[in-house]
Amino acid sequence: MARTTKVLIGAILLLTLLLGGSIAGALWFVRRSLPPLEGQLAVAVTSLVTVDRDGCGVPHIHAVNIEDLLFVQGYLHAQDRLFQMDLSRRAAAGRLAEIFGPDLLEADKFLRTLGLLRAAVESEAGLSPANRAALHAYAAGVNAFIQGHQDRLPLEFTLLGYSPGPWHPTDSLGIGKYMAWDLGANMMSEIFYWQLALRVGPERAATLFPTYPEDGPVIISRLRSLPAGPGVAEGLARLQEVTEGAAPGQFKGSNSWVLAGSMTASGRPILANDMHLGMGAPSIWYQNRLVVQGRFDVTGVIFPGVPGVIVGHNGHIAWGVTNLGPDVQDLYLERRHPEDPGQFEYEGEWYRAVVERHQIRVKGQPDPVSFEVHITRHGPLISDVVTGLDVPASLRWTALEATGEASAVLGLADVRDWDGFRQALSGFAAPAQNFVFADRAGNIGYLAAGRFPVRRAGDGLVPVPGWTGDYEWVGFVPEDELPQLYNPAEDYIVTANNRVTGPDYPFFLSHQWAPPYRARTIIQELEGRHELTLEDMIPIQNSWANRQAAELGPILLGELSRGELQEVEAAARDELERWLQDPRDDPEAAGPAIFHTLYLKMLAAVFLDELGEDLYRAFLHHGGAINSFDRMLREGRSPWFADLGSVVRDGFRMAVAELEATLGRDPTRWEWGQIHTITFGHPLGSQKPLHLIFDRGPHALGGSHVTPGAASFDLATPFAVTSSAPWRYLVDLGDLRGLDIAAIGVSGHPFSVHYDDQMVLWLKGEYKPLLYGKQAKDHVVATTVFRPR
């Protein structure tokens, strides 16, 4: 509490300097921008809507019809998270340079070319009248807040010197499209493999493919057919750079599992879910409960700027989500007319691409930047974003078409059974997700929800010719043949981004899956157990057990035993050996620091020099580096190294030298939490000294990318945490008792008590009650009534 008070006082002093006024003026500004959580408001609703805030500021919205409910949900989202919402819609629309300047121009240009907003417009046109009305009601609520608070906007708008424009339903849909991009940019793997073939040759590149060696000859043939003329490598490197600037980094994962009543103390299912996404302040998730009298009572989370609840439970069912990670993006190499750049060849004939003309306003520049986007029969020509790439390449992706995720999310609120669940998700196309299900009748299930292309030829790993017609999408996997389970004999279902189908499944989904370690750890913790409770789920969801280290440890120790070690190196090996007896990535332990540093040093020793810095980084992000390298370590041989022992021993020496230089000569004091930390960073926190106002951290944290209690870091720039679980939740379908915790807080206002009031619990792996039904009535601390004008 003392530290929080000091931070608050320091932030107010800083704000005083920034605003050029007095401390009293700064305090007035802070109070003015904080939304009131009690009182009455006259707005455009048709009947009374009551909002009860619990002790963490989570709103429980009670209405008599869906339109009024969503109007108030939109109002509250804007009240708590307006700046975050505005950034999200700007990212989707390619409009960040308007407020941040030319550094974001390339990202904006790429995202405009990609066309997320274009796809959002098409998706809105496909909505039913009821769902279109729901989105308009939500947008009206957002706009009611904006219009009524032009003189009391959140601090970020004052610092950046602009006001948000009106909210539109396509803004909400665009945010959904951007999340699909965040969770499914496997196009970048195709760019990486193309670059790899140019750098090391098709034969050597093939050894890093997930289907090698079975498909080696086919892979090599395809790689040999890719363009390799002058400037192609440089152009691809620029395209990779621009794409990374407009996209997330590495694959993001999640955990979910559901237990049948035979395994639980209540005799009813238990469901657990924690989705691993980027960490920041405020959280990517917004906790809220939505109640329509006589229709539904649903609680969970949603992206600010989007109506409904995307993950949570109602009075009948509960559901959770993990990223399936399918290959639903294909790069097509196009053949352009030599005399007319607007025409492209297909099956021996020329057709004219659709041309869009865009202008991007850039902060600090008087004139907008103009450019054209060509849209081929396959999709936008993304190669035009960079200069120097003379090979036209377009992108086909399921999310760039009209899709129905908004309808699915709104429909989940009042689903009552498995059939209704499947029906609600029938329009959920992108991003494709693993959904787990449980109901109060005792049923559990799993459903792969999404749109998965069926290709005439190819499997999406490398770019293909777009002019021949040989690699077209000829349809999608039929809905009734999507992977699913219902009341399996095992009495549990686990998904952790691992492979979801066996070799007999007739359709192709993906070749690139997350390493299996999280899934194996969770299954090991669950198998053979009974009488389980929510409290038993907590240590599993927060587990720092490192299955990768347990499996690779004997190999590493065996190789280290064959070489001479210096004093500090020998002590570090002994510490590693002790830790490997039960490897857990505890923040106070030295073993994780040694293991993860050693692993990255080995990776770099094998690949960095040959790939070069830029391509090596792409390999770590998009080339399945962990799966490929772990396979090599288990086999003990690879075309990429001559002697495994040298790789391990040299990597170990480099790891010890780095840790000694950073943390001192005593390996027992090389605590993981000293180098593996999390900072809840705000978009403005990168501008010092604004971090004193907006950021929280750094905090020591356990876990890693291979532990169920995920705390991933960028393999190229370790070890700060970049991805973890912004929200964890558990629910027992017996009495609908739930537990949850957000990574930081529900409010986006840095001076609100609810900005970071859940952070300490989250860091400790603890939870709060997920208030629901009658229990919620006993924990109301503030009430706002929205009444008709």
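Relevant structure appears above.
Residues numbered from 1 in each chain as written. Predicted model: local features only at pLDDT ≥ 70, side-chain atom pairs only at ≥ 80, totals over all residues. Heavy atoms only, no water.

When you go through the protein chain residue by residue, the secondary structure sums to 27 helices and 29 strands. Looking at the protein chain alone, contacts between residues at least 24 apart form 71% of all its contacts between residues at least 6 apart. Counting only carbon and sulfur atoms, one obtains 51% of the accessible surface of the protein chain, whose full area is about 29700 Å². One way to put it: in the protein chain the 66 positive side-chain charges average out to a point 4 Å from where the 92 negative ones average out. (Helix = DSSP H or I, 4+ residues; strand = E, 2+ residues; numbered from the N terminus. Contact = heavy atoms within 4.5 Å. Areas by Shrake-Rupley, 256 points an atom, 1.4 Å probe, with all protein chains shown as cover. Lys, Arg positive; Asp, Glu negative; His and termini not counted. Charge placed at Lys NZ, Arg CZ, Asp CG, Glu CD.)

Before going further, it helps to examine the environment of Trp 350. Position of Trp 350 among the secondary structure elements: in strand β12 (residues 349–352). For Trp 350, a relative accessible area of 38% puts it in the partly exposed group. Note: C-alpha distance between Trp 350 and Asp 695 (345 residues apart in sequence) is 54 Å. The contacts of Trp 350, once residues within four sequence positions are left out, are Arg 335, Arg 336, His 337, Pro 338, Gln 343, Phe 344 and Glu 345. (Buried < 20%, exposed > 50% of the residue type's maximum accessible area, 1.4 Å probe, protein only.)

Right, let's get into the nonpolar core. Of all hydrophobic cores here, the largest spans 136 residues; its most connected members are Phe 421 and Leu 526. A per-element tally of this core places helix α3 (residues 66–93) first, with 13 residues. Once residues lying within four places of it in the same chain are set aside, the contact partners of Leu 526 are Trp 257, Leu 259, Met 263, Val 494, Leu 532, Met 537 and Ile 540. Judged by nonpolar contacts, the second largest core, of 97 residues, contains Ile 382, Val 568, Leu 580 and Leu 663. (Core = buried A, V, L, I, M, F, W, Y, C linked by side-chain atoms within 4.5 Å.)

This paragraph deals with the packing of aromatic side chains. All told, the structure shown has 30 aromatic pairs when counted by the stated rule. Considering the side-chain rings of Phe 595 and Tyr 599, the 6.3 Å spacing of their centres and the 35° angle between planes classify their relative orientation as tilted. Here Tyr 599 and Phe 595 lie together in helix α20 (residues 591–611), a separation of 4 residues that amounts to about one turn. Comparing Phe 595 with Tyr 599 shows no difference in burial state: the two are buried. Among the aromatic side chains, those forming a connected cluster through ring pairs are Phe 192, Tyr 193, Phe 209, Trp 579, Phe 595, Tyr 599, Phe 607, Phe 619, Phe 629 and Trp 640. Over the aromatic face of Tyr 772 sits the side chain of Arg 289, whose NZ or CZ is 5.4 Å from the ring centroid. (Phe/Tyr/Trp six-rings, centres within 6.5 Å; stacked < 30°, edge-to-face > 60°. Lys NZ or Arg CZ within 6 Å of the ring centre and 35° of its normal.)

Right, let's get into the sheet that holds strand β19 (residues 464–465). A sheet is described by the order of its strands in space; here 3 strands give the open sequence β15-β10-β19, paired in mixed fashion. Looking at strand neighbours, the two that pair on one side only are β15 (393–397) and β19, the edges of this open sheet. Inspection of the sheet shows strand β10 (residues 329–333) paired to β19 by 2 bridges, in the parallel sense. When the bridges of β19 are listed, Leu 333 appears paired with Pro 465. (Pairing = 2+ DSSP bridges.)

Right, let's get into the sheet that holds strand β3 (residues 59–63). One open sheet accounts for 11 strands, arranged β1-β29-β2-β3-β6-β7-β8-β9-β16-β17-β21; its pairing is mixed. Across the chains shown, the open sheet's two edge strands, defined by having one partner strand only, are β1 (39–43) and β21 (484–486). Ignoring which end each strand starts from, the neighbouring axes of this sheet average 20° apart. On top of the sheet, α3 reaches β1, β2 (49–53), β3, β6 (286–292), β7 (296–302) and β29 (782–788); it is set at about 160° to β6, its chief contact. (Axes fitted to C-alpha atoms, helices over the stretch in contact; angles between N-to-C directions.)

Take Thr 170: it is sitting in helix α9 (residues 169–183). For Thr 170, a relative accessible area of 14% puts it in the buried group.

We now examine the packing of helix α16 (residues 517–526) against helix α18 (residues 547–560). Axis angle and axis distance: for two packed helices, these are the angle between their axes and the distance between the axes, and together they describe the pair. Orientation of α16 relative to α18, taken along the N-to-C sense of each, is 105°, at an axis distance of 8 Å. As far as their axial angle goes, α18 and α16 are roughly perpendicular. Residue-level inspection shows Tyr 517, Arg 520, Thr 521 and Gln 524 of α16 in contact with α18, the latter providing Arg 547, Gln 548 and Glu 551. By residue class, the composition of the contact of α16 with α18 is 1 nonpolar, 3 polar and 3 charged. (Parallel < 35°, antiparallel > 145°, perpendicular 65-115°, else oblique. Nonpolar A, V, L, I, M, F, W, Y, C, P; charged D, E, K, R; others polar.)

Structurally, the position occupied by Thr 322 is in strand β9 (residues 317–323). A distance of 2.9 Å separates the side chain of Thr 322 from the side chain of Thr 495, its partner in a polar contact. In this structure Thr 322 touches Ser 254, Asn 255, Ser 256, Asn 273, Gln 433, Asn 434, Thr 495 and Asn 497, once residues within four positions along its chain are discounted. (Polar contact = N/O pair within 3.5 Å; in protein donor to acceptor, adjacent residues only side chain to side chain.)

The step from Ala 430 to Pro 431 runs through a cis peptide bond, and the omega angle for that step is 5°. Assignment of secondary structure puts Pro 431 in the loop between α15 (418–424) and β16 (433–439). Look at the link from Pro 718 to Phe 719: it is a cis peptide, with omega at 10°. Along the chain, the position of Phe 719 falls in the loop between β25 (712–713) and β26 (721–732). Here Asn 487, not a glycine, exhibits a phi torsion of approximately 50°, which is positive.

The next thing to look at is the packing of helix α19 (residues 567–579) against helix α23 (residues 644–663). Look at α19 against α23: their axes get within 10 Å of each other, and the N-to-C directions meet at 100°. Relative to α23, α19 is oriented roughly perpendicular. Residues Val 568, Glu 569, Ala 572, Arg 573 and Leu 576 of α19 touch α23, and the partners they reach there are Phe 652, Arg 653, Val 656 and Glu 660. Split by residue class, the contact of α19 with α23 holds 5 nonpolar, no polar and 4 charged.

Another aspect to go through is the environment of Leu 611. Looking at the secondary structure, you find Leu 611 in helix α20. Taking the C-alpha atoms as reference, Leu 611 lies 6.9 Å from Arg 199; in sequence the two are 412 residues apart. Once residues within four sequence positions are removed from consideration, Leu 611 is found in contact with Leu 196, Arg 199, Val 200, Tyr 616, Phe 619 and Trp 640.

Attention shifts here to the pairing of strand β27 (residues 737–742). β27 sits mainly inside the fold: 5 of its 6 residues count as buried. Across 6 bridges, the pairing between β26 and β27 is antiparallel. Bridge assignment links Trp 727 to a residue of β27, and that residue is Ala 742. Linking β26 to β27, which pair antiparallel, is a turn of 4 residues; within it Leu 736 sits at a positive phi near 60°. In this sheet, strand β28 (residues 768–769) lies alongside β27 in antiparallel orientation, the contact comprising 2 bridges. Paired with Leu 739 across the bridge in β28 is Pro 769.

Spatial relationships are all this shows, so hold off on functional conclusions.
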